[in-house]
Amino acid sequence: MKKLAGLAAFALATTLVGGLAPMTASADVPTPTPSNPAPSAAAERAATMDRYKQALAEQVARRLGDRDFRTALEGELAGDGQAGLADLFTSITGAGDVAEYARRADGDVLRLKGFATAHESLLEVRTGPGMTKRIPAGQTLVVFTPSADEKAVRTVNAYDSAGRLHRLDANKAPKRPVLIVGLDEHKSADLSRRALRQALDKAGVAGIDKSQEEVAQQSAAANTTKTEKTAGATLQRPASVITRITNYNDHEPWYKGGPEIYAWVTGAGTDGKARVDSLEMPYIQEQDKDYRPNQVLIDWSNFSWSSLDVVWMEHDDNTDLSGLVKAVVDGALVVSGNGQYVQVADKIVGALPSDWVTDSDDWVDSCYAQNAQMTYGHCAARPRGMFWTQDYRQI
């Protein structure tokens, strides 16, 4: 089935590049086989997604000489620097076949990533290094992001408006302005959070997911030692607040942008059953840089254990969610029936598909946290992982 998925992507890409011939029925796009793939299957999944991205990148590049297309693209990029490819081509006269291809490619990418029931559009074009509000047609290159492990990528392919192929240094941004075709990592991350929480709820694992906005609000409260008043009494919740954090293990190449770091806090809830809280850390953008976010990492009132595990992860565009869901659920369930701390992080990391901890950077680090007594985090991958210091506060 994986082989069929790859052949389908290749056939669709050939249809586009070879003159935009009429597309075949959607039944030609098979449903891939996810669920904890072997590394060879992961590589095939990456190759399939790359063929979609490559075909669409070439289509964007070839249309840069068209003033109407540039105007439409500039309008779409004017806000946040991102434009969904299906919507973009739908708005272009005469590009209906490309829009249909982009929609079908979106559906296949969702299935490859384990989001079979989702309907979001993930394939996008975004602004890259050197890009201004006005797109210079003759100078701009359109890159597509490779899904392979960035540590193994030496060059990335790009197209100009004449359709010529350029090979760019993967570790050094080009001097020419660049547009980047890839996946919307924010949408993908949101889909991952929702799907994982549904799986945890189904397995009886409680917890909350803190969005970027909620993290910022709670951190602001921690800075002012905010109190809550209920029935005339002042209630304060104990919390571990990150005062400094440094990621030593996640250098992102110029074509990928920020690393999209998030964390799971795992242990026993107040009912003695497994609990997994998650929080986003959008401010972490560079390797080896110190950040001082004053971010609430652990709200101890949600847990009965005095010691917990923290697993640091990175959202990645070559991720099959089924492997992630199984690893987290299976790992968290070791908590049930244990009245005191047991290692949860090791169970989760050990259950991840092998390519997640060797060929990619999805797993960043795992750490041990203790209520009140600790001022810094012990992490498994030190000195090349995550280091953080904390305050124990009442919020």
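Residues numbered from 1 in each chain as written. Predicted model: local features only at pLDDT ≥ 70, side-chain atom pairs only at ≥ 80, totals over all residues. Heavy atoms only, no water.

**Observations concerning the pairing of strand S4 (residues 155-159)**
- Burial analysis of S4 places four of its five residues in the buried class, which makes it a mostly covered element.
- Here strand S3 (residues 141-144) pairs with S4 via two bridges, running antiparallel. If you follow Val 142 over to S4, its bridge partner there is Tyr 159.
- Bridge count between S4 and strand S5 (residues 165-169): five bridges; the pairing is antiparallel. (Buried < 20%, exposed > 50% of the residue type's maximum accessible area, 1.4 Å probe, protein only. Helix = DSSP H or I, 4+ residues; strand = E, 2+ residues; numbered from the N terminus. Pairing = 2+ DSSP bridges.)

**Considerations on helix H8 (residues 321-332)**
- The end-to-end C-alpha distance of H8, which contains 12 residues, comes to 16 Å, matching closely the 16 Å that a straight helix rising 1.5 Å per residue would cover.
- Judged by how many residues are buried, H8 sits mostly within the fold: nine of 12 residues are covered. (Expected span 1.5 Å × (residues − 1).)

**Some words on helix H3 (residues 67-77)**
- The set of residues buried in H3 consists of Phe 69, Arg 70, Leu 73, Glu 74 and Leu 77. Viewed end-on, H3 has its buried residues packed into an arc of 130 degrees, placing them on one side of the element. Counted as exposed and oriented over 90 degrees from the buried face of H3: Arg 67, Asp 68 and Gly 75. (Arc of directions from axis to C-beta.)

**Quick look at the packing of helix H6 (residues 185-202) against H8**
- Where H6 contacts H8, the two axes come as close as 10 Å, and the packing angle between them is 40 degrees. Viewed along their axes, H6 and H8 adopt a mutual orientation that is oblique. For the pair H6 and H8, the crossing hand works out as right-handed. Residues Ser 192, Ala 195, Leu 196, Ala 199 and Leu 200 of H6 lie in contact with H8, whose contacting residues are Leu 321, Val 325, Val 328 and Val 329.
- Here the residues of the contact of H6 with H8 sort into eight nonpolar, one polar and no charged. (Axes fitted to C-alpha atoms, helices over the stretch in contact; angles between N-to-C directions. Parallel < 35°, antiparallel > 145°, perpendicular 65-115°, else oblique. Left-handed = near helix turned anticlockwise from the far one by under 90°. Contact = heavy atoms within 4.5 Å. Nonpolar A, V, L, I, M, F, W, Y, C, P; charged D, E, K, R; others polar.)

**Details of the environment of Gly 138**
- Mapped onto the secondary structure, Gly 138 falls in the loop between strand S2 (123-127) and S3.
- Accessibility expressed as a relative area gives 64% for Gly 138, which makes it exposed.
- Along the primary structure Gly 138 and Asp 160 are separated by 22 residues, whereas in three dimensions their C-alpha atoms are 7.6 Å apart.

**Observations concerning the pattern of salt bridges**
- With the rule as written, the count across this model stands at 18 salt bridges.
- Across the pair Arg 194 and Glu 120 runs a salt bridge, and its minimum N-O distance is 3.1 Å. Separated by 74 residues along the polypeptide, Arg 194 in helix H6 and Glu 120 in the loop between helix H5 (96-112) and S2 bring together distant segments of the chain.
- Using a relative accessible area of 40% as the deciding quantity, one classes Arg 194 as partly exposed.
- Overall, Glu 120 belongs to the partly exposed group, its relative accessible area being 26%. (Salt bridge = Lys/Arg side-chain N within 4 Å of Asp/Glu carboxyl O.)

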